[in-house]
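# Descriptive analysis of the structure
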Amino acid sequence: MTATGPPGERSDVTEPKYVSLPWHESLRPTMHGGHEVTLLESGAEFFPALELDIAAAAHGIYLETYIFEDDRTGRRIAAVLAAAARRGVSVHVIVDGFGTVRGRGDWTRTLLDAGVLFETFRPERRRFSLDRQRLRRLHRKLAVIDGRIAFAGGINVLDDLYDPNHGALEHPRLDYAVRVRGPLVAQVHVAAARLWWEISVVNRSLRRHVAGSGAAARAPLHLPDAVRSEVTPAGRTRAAFMLRDNLWHRRTIERAYLRAIGRSRREVLIACAYFFPGARFRRALLAAVARGVRVRLLLQGKVEYRIPHYGSQALYDELLRGGVEIVEYRRSFLHAKVAVIDDWATVGSSNIDPFSLLLAREANVGVNDAVFARSLRERLDAAIDAGGVPIALHGHRQRPRLVRIRNAVALLLLRILLAVTGLAGRY
């Protein structure tokens, strides 16, 4: 691929560099320098940054999210996307068909009336079905602005102080994202454009569009053009873009974790909302402890979904006996999917459970930078101090009988669900 810049004379300012990548470009993760990676904690930092970049967009926007909620935050983001579309920016929005209930509120009408191109990944026809394909969800949260700025992380378009299942929250949900400038934006841009094209083709061929679904249903279908992105070095941080899908990148994120844990020499600090690792992952954590690495897990302490919560607790005994430190975050809901492993860190959408690692479409950014790793570690340590409750082995073994029964039943149900999906042998 050849980097080109706009015509004009050179100056003391670095000339922007651009690449044009075909839609079928390989998206294998490669750690490259030249990035500016800004850590954003929860919606209080994420949404203002996203809004500013959308408001400044001149050419094109892609936004993907699992949940697009009809609350004050959702309506705010819908309004700024609609404003961009009205001034001529090409705006593409993809939501997941399970995570986002279509037609809930007026935000979809705001987008469609403004000419936003809108698609749904695997729309739900029946809310209750035993079809295992329903577990293959679009769980990644990405945004690309003008091919020069990318956002990735775990934050849905959802207010920090509201939960769709539990209502108003006393404290904001704990989550993270990153804003990235530099060469890897081109890969995020290709991934977003490719998925848009794939979903458009599938939805059109299966007649999944409903009346009033807007310009997306009427747009002509053709192979996408090459995606043009700015790759001007924006900093010195080394970073890589990591996808998980069901074709070429099935184990990419899991392998990145295992590689980093296997090489760790000082610390492993993982914050994860839904933690149900396979045997290989658990062995890697225990092996790290055995060679003197401090391993800490910051896990969900409030019961959001009963089966994942109690099933995760069923694994505590093995990990605690092996020297892994476990802290439950109980101040609010933990939605983070991040890790700091020595000087390597990752921020993204992928939980460490079979549904994220083996079924859903996910996206993480890996960062190899001591300064960024220290910043994320400090944020996580602050969260532990503010709302973390350490779990001791003795106390865990003394938990009430009813809780232990719940743990055993939840573990059994999760394993049955894995067997139904056909993935039990691989996990």
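In what follows, the structure referred to is the one given above.
Residues numbered from 1 in each chain as written. Predicted model: local features only at pLDDT ≥ 70, side-chain atom pairs only at ≥ 80, totals over all residues. Heavy atoms only, no water.

## Quick word on the overall build of the protein chain
In plain terms, the rule: The numbering of helices and of strands both runs from the N terminus, where a helix is a DSSP run of H or I of at least 4 residues and a strand a run of E of at least 2. Exposed residues in this analysis have more than 50% of their type's maximum accessible area, buried residues have under 20%, and partly exposed residues fall in between, with area computed by a 1.4 Å probe over protein chains only.
Summing up its helical and strand segments, the protein chain has 13 helices and 19 strands in all. Per-residue burial for the protein chain yields a buried fraction of 55% across its 427 residues.

## Structural notes on the pattern of salt bridges
Quick note on the threshold: Just to be clear on terms, a salt bridge is a Lys or Arg side-chain nitrogen sitting within 4 Å of an Asp or Glu carboxyl oxygen.
Evaluation of the coordinates by the stated rule reveals 23 salt bridges. Salt-bridge contacts for Asp96 lead to Arg137; the nearest nitrogen and oxygen are separated by 3.1 Å. Note that Asp96 is positioned in strand S4 (residues 90-96) and Arg137 in the loop between strand S5 (117-121) and strand S6 (141-145), a separation of 41 residues in sequence. In this structure, Arg296 and Asp381 form a salt bridge, with 3.0 Å as the shortest nitrogen-oxygen distance. One end of the pair, Arg296, is in strand S14 (residues 294-300); the other, Asp381, is in helix H11 (residues 370-387), with 85 residues separating them in the sequence. The exposure class of Arg296 is buried, given its relative accessible area of 11%.

## Overview of the environment of Val365
Heads up, the condition is: The contact criterion used is simple: two residues touch if any of their non-hydrogen atoms lie within 4.5 Å.
Positionally, Val365 belongs in strand S18 (residues 362-368). With sequence-adjacent residues up to four places away left out, Val365 is seen in contact with Ala152, Val178, Leu184, Ala239, Ala240, Phe241, Met242, Ala345, Thr346 and Val347.

## Some words on the packing of helix H6 (residues 252-263) against helix H7 (residues 279-290)
Heads up, the rule is: Inter-axis angles, ranging from 0 to 180 degrees, are taken between N-to-C directions of lines fitted to C-alpha atoms, where helices are fitted over the stretch in contact. Roughly parallel covers angles under 35 degrees, roughly antiparallel covers those over 145, roughly perpendicular covers 65 to 115, and oblique covers all other angles. Handedness of a helix crossing follows the sense of rotation of the near helix relative to the far helix, less than a right angle counterclockwise being left-handed and clockwise being right-handed. For this classification, Asp, Glu, Lys and Arg are treated as charged, while Ala, Val, Leu, Ile, Met, Phe, Trp, Tyr, Cys and Pro are nonpolar and the rest, including Gly, are polar.
Packing of H6 against H7 leaves a shortest axis separation of 9 Å and a crossing angle of 20°. Our classification of the angle between H6 and H7 gives roughly parallel. Along this stretch, H6 crosses H7, giving a crossing that reads as left-handed. Between H6, through Tyr257, Leu258 and Ile261, and H7, the contact on the second element is made entirely by Arg280, Phe281, Ala284, Leu285 and Ala288. Grouping the constituent residues of the contact of H6 with H7 by class yields seven nonpolar, no polar and one charged.

## Considering the side chain of Asn407
The following threshold applies: Polar contact is defined as a pair of N or O atoms within 3.5 Å, subject to the rule that within protein one atom must be able to donate a hydrogen and the other to accept it, and that residues adjacent in sequence are counted only when both atoms are side-chain atoms.
Inspection of the secondary structure assignment puts Asn407 in helix H13 (residues 401-421). Reaching out from Asn407, the side chain makes a polar contact with the side chain of Gln313 at a distance of 3.2 Å.

## Section: the packing of aromatic side chains
The line we're drawing: In this scheme Phe, Tyr and Trp rings, the latter by its six-membered ring, pair at centre separations within 6.5 Å, and the angle between planes marks the pair as stacked below 30 degrees, edge-to-face above 60, and tilted otherwise.
Inspection of every chain in the model, using the stated rule, returns eight aromatic pairs. Look at Tyr257 and Trp344: their rings are 6.1 Å apart centre to centre, the planes differ by 75°, and that puts the pair in the edge-to-face class. Here the residue Tyr257 occupies a position in helix H6, and Trp344 occupies one in strand S17 (residues 344-348), the gap between them amounting to 87 residues. Residue Tyr257 is classed as buried on the basis of its relative accessible area, which comes to 2%. Judged by its relative accessible area of 13%, Trp344 is buried.

## A word on a positive patch on the surface
This is how it is decided: Residues with no salt bridge and a relative accessible area higher than 30% make up the patches, which join like charges within 9 Å and nonpolar side chains (Val, Leu, Ile, Met, Phe, Trp, Tyr) within 5 Å. Residue burial considers only the protein chains on display, and all accessible areas are found by Shrake-Rupley using a 1.4 Å probe. His is not counted, nor are the chain ends; Lys and Arg add positive charge and Asp and Glu add negative charge. The atoms used to mark charge sites are NZ of Lys, CZ of Arg, CG of Asp and CD of Glu.
Together, Arg255, Arg259, Arg263, Arg280 and Arg283 give the surface a local cluster of positive charge. Elements represented by at least two residues in the positive patch include exactly H6 and H7. Sort the elements by how many residues they give to the positive patch and H6 lands first, with three residues. Here Arg259 shows up in helix H6. By relative accessible area, Arg259 is classed as partly exposed at 42%.

## Some details on helix H4 (residues 185-205)
The cut-off we apply is this: Under the convention used throughout, the expected extent of a helix is 1.5 Å for every residue step, that is, one less than its residue count.
End to end, H4 covers 30 Å across 21 residues, agreeing with the expected 30 Å (1.5 Å per residue, within 8%). Taken across its 21 residues, H4 has 15 buried, putting it largely inside the fold.

## With respect to the pairing of strand S12 (residues 237-244)
Definition in use: The pairing criterion for strands is at least two bridges between them, as found by DSSP.
Here S12 lies mainly inside the structure; seven of its eight residues are buried. Direction of pairing for strand S2 (residues 32-41) relative to S12: antiparallel, over a ladder of two bridges. In the strand pairing of S12, His35 is matched with Thr237. When S12 meets S18, the two strands line up antiparallel, connected through seven bridges.

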